[in-house]
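Notes for the structure review
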Amino acid sequence: MAGIEDILEQMRNNPTGVRFADACKVVTKLFGEPRQDGTSHKVWKMPWAGDPRVNMQRGKSGKAKPYQLRQAVQAIDRFAAERAAARRADDTEEGRAAQATKTTRKTRKTKARKPKTKRRRS
């Protein structure tokens, strides 16, 4: 049994030679269970609206249809790019928060307090 990375590489290099079951295994691993599974098509819900959608249908001799594999690879690439961007944003926000904490602590330590004075009544 081939691993997910091996099947994904095969989907990229030779979309005409990928078994339907293998392609479904990759897409299910990344996007969860298909929302439609009872008919000849399997459809996965994407975390975004619109294209590329992932729809798989068994073709001749148990292979997945090549154009649907290309759509699946496109969706996988977009998902990976969005996940990487979210990780970078999280890292940046954590760095900013740590820097702000350092600055606040430093400022508190170095500020001199003003002496309290009483108001004079005229």
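Refer to the preceding data block for the structure.
I will try to describe carefully the structure that is included in this document. (Residues numbered from 1 in each chain as written. Predicted model: local features only at pLDDT ≥ 70, side-chain atom pairs only at ≥ 80, totals over all residues. Heavy atoms only, no water.)

A separate point is the nonpolar core. One recurring pattern in soluble globular proteins is that nonpolar side chains are buried together. Judged by nonpolar contacts, the single largest core of 22 residues is most densely connected at Met11, Phe31, Trp44, Val54 and Met56. Of all the secondary structure elements, the ones that give two or more residues to this core are helix H1 (4-13), helix H2 (20-31), strand E2 (54-57) and helix H3 (66-110). (Core = buried A, V, L, I, M, F, W, Y, C linked by side-chain atoms within 4.5 Å. Buried < 20%, exposed > 50% of the residue type's maximum accessible area, 1.4 Å probe, protein only. Helix = DSSP H or I, 4+ residues; strand = E, 2+ residues; numbered from the N terminus.)

Turning next to the packing of aromatic side chains. Taken as a whole and judged by the stated rule, the model has 2 aromatic pairs. The interplanar angle of 80 degrees and the centroid separation of 6.3 Å between the aromatic rings of Phe31 and Trp48 together place this pair among those described as edge-to-face. Taken together, the residues span a long stretch of sequence, with Phe31 in helix H2 and Trp48 in the loop between strand E1 (41-44) and E2 at a distance of 17 residues. Using a relative accessible area of 12% as the deciding quantity, one classes Phe31 as buried. A relative accessible area of 11% places Trp48 in the buried class. (Phe/Tyr/Trp six-rings, centres within 6.5 Å; stacked < 30°, edge-to-face > 60°.)

Turning our attention to the environment of Gln68. Structurally, Gln68 can be placed in helix H3. Note on Gln68: relative accessible area 1%, which makes it buried. Each C-alpha atom, one on Gln68 and one on Val54, is 7.2 Å from the other, the two residues being 14 residues apart in sequence. Not counting residues within four places of it along the chain, the set of residues in contact with Gln68 comprises His41, Asn55, Met56 and Gln57. Only 3.3 Å separates the side chain of Gln68 from the side chain of Tyr67, close enough to count as a polar contact. (Contact = heavy atoms within 4.5 Å. Polar contact = N/O pair within 3.5 Å; in protein donor to acceptor, adjacent residues only side chain to side chain.)

By themselves these figures say nothing about function.
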